Amino acid sequence: MNAIMRDPAQSVVYQIYIKSFCDSNGDGIGDLPGITSKLDYLAYLGVDYLWITPFFPSPQRDNGYDVADYCAVDPVYGTMADFDELVAEARSRGIGIMLDMVLCHTSDQHEWFQRALAGEERFRRYYILRDGHGSIGPGDPGEPPTNWQCAFGGSAWQWEPRLGKWYLHLHDVSQPDLDWTNPEVREEMAKVVSFWRERGVAGFRFDVINLISKPEVFEDDTEGLGRRMFSDGPHVHEYLKELVERSGIDGMMTVGELAATDLENCVRYTNPAEHELGQVFSFHHLKVDYAGGDKWALAEPDIARLREIFASWQEGMQAGGGHNALFWCNHDQPRAITRFGGRGQVGKPGGSWDHVGKMLAVCTHLMQGVPYVFEGEELGQTNAGFASIDDVRDVESLNNYRILVEKGASEDEALEVIRERSRDNGRTPMQWTAGPAAGFTTGEPWIGVPENHELINVEAEQGRAGSMLEFYRGLIQMRHTLDVVSRGRVGFVEACESAPRAIVYERWLEGDAAAAARAAGQPVRLLVACSFDAEPCRVKPVRADGGVVALDGAEVLVDTYADDAVRVGEDSLELRPHEAVVLSLA
Ligand code: GLC
Ligand code: CA
């Protein structure tokens, strides 16, 4: 079955946030038949795999990342028959389905947690239960066992009288963490993954998978909120290898979502010799606009830092034989086009919105790794512009709004932060048409639709030369067809002092691969130059060894301005505001 899927190295993955993609029955919530009805669109776009966010039975406290049953379909999203149909219909178009496995925690409504609450010893051992700090005996909670904070704000521990213990929840209080030191838990999880593999899925995304191994000793984090105590824990590689082996998914399309990780661990997660994961999502590049590292404190993006992060992760993963997932957007992030400056002339071809969106796309799609496109990104969807906290649905945003106000921010100040940072910016409906609810539903959408859907939508962009959608389609095509893009080496170059906000790198083929590409009339060496500057700049690329990159004879393969007016000199290149250029070097 996998044989018909494209090699991951040449593939592009499309992420579907099921709740917001397409609603087939008018209840305002996207669903599986909705996805099936849009497969022709996805095939037109050219993507090879679809990662679908969780559609398993769930109380939806964290929109499905709180799983109550791993091997069933929540009725709100459809039936198992709908799922099978989606898999078959996708496969017939050469598209593989990837499922989202949330194996670090369950919902508190999961049968295991319910049975733990009822006192069954076997299931108490599935979770991480501890006595309180300073507790004087059974029934006395004392204080939380450690000072660790959960990802959505507040303590990571909850006192539960029915357990007579505190339980650990690194996310919402309704998401108790599983105890992976328990072999039964590891066995259950391997069975879950096997279940879906046998049902015909082509790959998996593993949610916060580097948080499954907790430290041997639970103690206070004296430097921070606890993250460094439980990320990439002592047995994480061992547990992953075991999971991959037992569930029979080695070599399938897999990607791990990794919280607060580092390069060394990511090389291990993704070097094929380790038999762990295909690629990893790391998030360092999406924190360059956190003031002092705090997500809830606004700052302008630091482009010098962004460049450093891309350079060290691209070159570092290459050196270690690891593989990056390439992305700007997902359901946990505000829309990159707004974040990096697409605030002007929204939806208009030729405006800064158009330039920023295309430049961002070039920046990641030409890198080494597997590009991920998040629904609506290919249209240039923007942040939602929430006017009131009542328009926000996400548990993380609502918690942090409250925390900001408690810390003394006015309601307007808190709303301003939420407006920029809320995960709901990525969760507004896919914009299919200029019509009511953007064509997402015939009913009342579960979350509001941005007004700009009148300009930014599939109907307006599909088949229109120069649209964001057609531009993405071209980049996806390049990865399918050009070896230098899918397999080339990568090296970052200095852009020079007059272009402090440019990110510039080379891709190239060597040896036989270079000869084969040359014989096929394909480019062998590319220079990719992306300007994050709202002013023009001049790039004079210099390699790490001091060598100047010769540009004479270079051919323009991609220019986001698309007007044949790129100015390339012998050793320098002029970039207009937010312009990106891909040159094939002689
Ligand atoms: C991941 C998911 C996010 C979810 C969290 C807890 O980060 O992407 O949406 O809230 O894990 O499962
Ligand atoms: Ca529906």
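Looking now at the overall build of the protein. Summing up its helical and strand segments, the protein has 18 helices and 19 strands in all. Taking 586 residues into account, the globule formula puts the C-alpha radius of gyration at 25 Å, and the protein, at 24 Å, falls close to it. Over its C-alpha atoms, taken along the principal directions, the protein stretches across nearly 80 × 55 × 50 Å. Across the 586 residues that make up the protein, the buried fraction comes to 60%.

Further remarks concern the sheet that holds strand 1 (residues 13–16). Read from one edge to the other, the open sheet built from eight strands follows the order 9-8-7-3-2-1-11-10, with strand pairing classed as parallel. Two strands bound the open sheet, and with one partner strand each, they are strand 9 (279–281) and strand 10 (325–326). Across three bridges, the pairing between strand 8 (residues 253–257) and strand 9 is parallel. Pairing of E257 across the sheet is with F281, part of strand 9.

It is worth spelling out the sheet that holds strand 15 (residues 537–539) at this point. Strand order in the open sheet formed by three strands is 15-18-17, with antiparallel pairing between adjacent strands. Edge positions in the sheet fall to strand 15 and strand 17 (567–568), since each has one partner strand and no second. Pairing of strand 17 with strand 18 (residues 573–575) involves two bridges; the strand directions are antiparallel. Among the inter-strand pairings, V568 is bridged to a residue of strand 18, identified as L573.

Here we take up the packing of aromatic side chains. Tallying each qualifying case throughout the model produces 31 aromatic pairs. Ring geometry for W148 versus F218: centroids 5.1 Å apart, planes at 35°, classification tilted. Of this pair, W148 sits in the loop between strand 4 (129–130) and strand 5 (157–160) while F218 sits in the loop between strand 7 (203–206) and helix 7 (227–230), and the two are 70 residues apart along the sequence. Side by side, W148 and F218 carry an identical accessibility label, which is buried. Grouping aromatic residues by their ring pairs yields a cluster made of W51, F281, F283, F327 and Y372. Note that R130 overlies the ring of F218, its terminal NZ or CZ placed 4.3 Å from the centroid.

Of note, the phi angle at H275 is positive, near 55°, even though the residue is not glycine. One non-glycine residue, A438, lies in the positive phi region at around 55°. Mapped onto the fold, A438 is located in the loop between helix 14 (411–421) and helix 15 (458–461). When its relative accessible area of 0% is taken as the criterion, A438 is described as buried.

Time to look at the domain arrangement of the protein. One can read the domain layout of the protein as domain 1 (8–104 + 183–387 + 441–461), domain 2 (111–168) and domain 3 (485–584). Placing the centre of domain 1 and that of domain 3 at their C-alpha centroids yields a distance of 29 Å. Between domain 1 and domain 3 lies a buried interface of about 2300 Å² when both sides are counted; carbon and sulfur atoms form 65% of it. At the junction of domain 1 and domain 3, the tally comes to one salt bridge. Residue R307 is joined to E494 by a salt bridge in which the shortest nitrogen-to-oxygen separation is 3.9 Å. Our count for the domain 1 to domain 3 interface comes out at eight residue pairs in polar contact (both at pLDDT 80 or more). Breaking the side of domain 1 that touches domain 3 down by element, the ones donating at least two residues are helix 10 (303–320) and helix 12 (352–365). Residues that form the side of domain 1 that touches domain 3 fall into these classes: 15 nonpolar, six polar and three charged.

This next bit is on the site of ligand 1. The local shell around ligand 1 holds 14 residues, among which D62, D207, E257, H331 and D332 are the closest. H105 is positioned with one of its side-chain polar atoms (N or O) 2.9 Å from an oxygen atom of ligand 1. R423 is positioned with one of its side-chain polar atoms (N or O) 3.0 Å from an oxygen atom of ligand 1. For ligand 1, the protein covers 96% of the area, taking 310 Å² as the surface of the free molecule. Residues that form the shell around ligand 1 fall into these classes: three nonpolar, four polar and seven charged.

To continue, consider the side chain of E160. Tracing the backbone shows E160 in strand 5. Excluding anything up to four places from it in sequence, E160 contacts L117, K165 and Y167.

Here we come to the packing of helix 8 (residues 236–247) against helix 9 (residues 263–270). For the pair helix 8 and helix 9, interaxial distance at closest approach is 11 Å and the crossing angle is 15°. As summarised for this structure, helix 8 and helix 9 are arranged roughly parallel, according to the angle between their axes. As for how helix 8 packs across helix 9, the hand of that crossing is right-handed. Seen from helix 8, the contacting residues are V236, H237 and L240; seen from helix 9, they are N265, R268 and Y269. Across the contact of helix 8 with helix 9, the residue classes break down as three nonpolar, two polar and one charged.

What follows deals with the pairing of strand 5. The two faces of a sheet get side chains in turn, since along a regular strand they alternate between them. Here strand 5 runs beside strand 6 (residues 165–168); their pairing, made up of four bridges, is antiparallel. Considered in strand 6, the bridge of E160 is made with K165. The antiparallel pairing of strand 5 with strand 6 creates a hairpin that spans four residues between the two strands, and G164 there sits at a positive phi of about 65°.

Okay, the environment of T261 next. Structurally, T261 can be placed in the loop between strand 8 and helix 9. With 20 residues separating them along the chain, T261 and F281 place their C-alpha atoms 9.6 Å apart. Among all residues touching T261, those that are not within four sequence positions of it are N210, D232, C266, Y269, S282, H284 and W313. A distance of 2.9 Å separates polar atoms of two side chains, one belonging to T261 and the other to D232.

For a metal with four tetrahedral donors the ideal donor-metal-donor angle is 109.5 degrees, while six octahedral donors give ideal angles of 90 or 180 degrees. Those donors, D23 (OD), N25 (OD1), D27 (OD), I29 (O) and D31 (OD), are the protein atoms that reach the calcium ion (ligand 2), and they lie 2.3 to 2.4 Å from it. Between the donor residues of the calcium ion (ligand 2), the gaps in sequence give the motif D-x1-N-x1-D-x1-I-x1-D. For N25, a relative accessible area of 51% corresponds to the exposed category.

With that out of the way, let us pick up helix 8. In this model helix 8 runs 16 Å from its N-terminal to its C-terminal C-alpha over twelve residues, within 8% of the 16 Å that 1.5 Å per residue would give. Those residues of helix 8 lying buried are V236, H237, Y239, L240, L243, V244 and S247. The arc that holds the buried residues of helix 8, viewed along the axis, is 165°, so those residues lie on one side. Where the residues of helix 8 are buried, they touch helix 6 (183–198), strand 7 and helix 9. Note on helix 8: the residue one or two positions beyond its end, G248, has a positive phi of about 70°.

The rules behind the values
Residues numbered from 1 in each chain as written. Chains lettered and ligands numbered in written order. Predicted model: local features only at pLDDT ≥ 70, side-chain atom pairs only at ≥ 80, totals over all residues. Heavy atoms only, no water. Helix = DSSP H or I, 4+ residues; strand = E, 2+ residues; numbered from the N terminus. Rg over C-alpha atoms; globule rule 2.2 N^0.38 Å. Buried < 20%, exposed > 50% of the residue type's maximum accessible area, 1.4 Å probe, protein only. Pairing = 2+ DSSP bridges. Phe/Tyr/Trp six-rings, centres within 6.5 Å; stacked < 30°, edge-to-face > 60°. Lys NZ or Arg CZ within 6 Å of the ring centre and 35° of its normal. Domains from an automatic or database assignment. Buried area = accessible area lost by both parts, 1.4 Å probe. Salt bridge = Lys/Arg side-chain N within 4 Å of Asp/Glu carboxyl O. Polar contact = N/O pair within 3.5 Å; in protein donor to acceptor, adjacent residues only side chain to side chain. Nonpolar A, V, L, I, M, F, W, Y, C, P; charged D, E, K, R; others polar. Near = heavy atom within 4 Å. Areas by Shrake-Rupley, 256 points an atom, 1.4 Å probe, with all protein chains shown as cover. Contact = heavy atoms within 4.5 Å. Axes fitted to C-alpha atoms, helices over the stretch in contact; angles between N-to-C directions. Parallel < 35°, antiparallel > 145°, perpendicular 65-115°, else oblique. Left-handed = near helix turned anticlockwise from the far one by under 90°. Donors = N, O, S within 2.8 Å, 3.2 Å for Na, K, Ca; no water. Expected span 1.5 Å × (residues − 1). Arc of directions from axis to C-beta.

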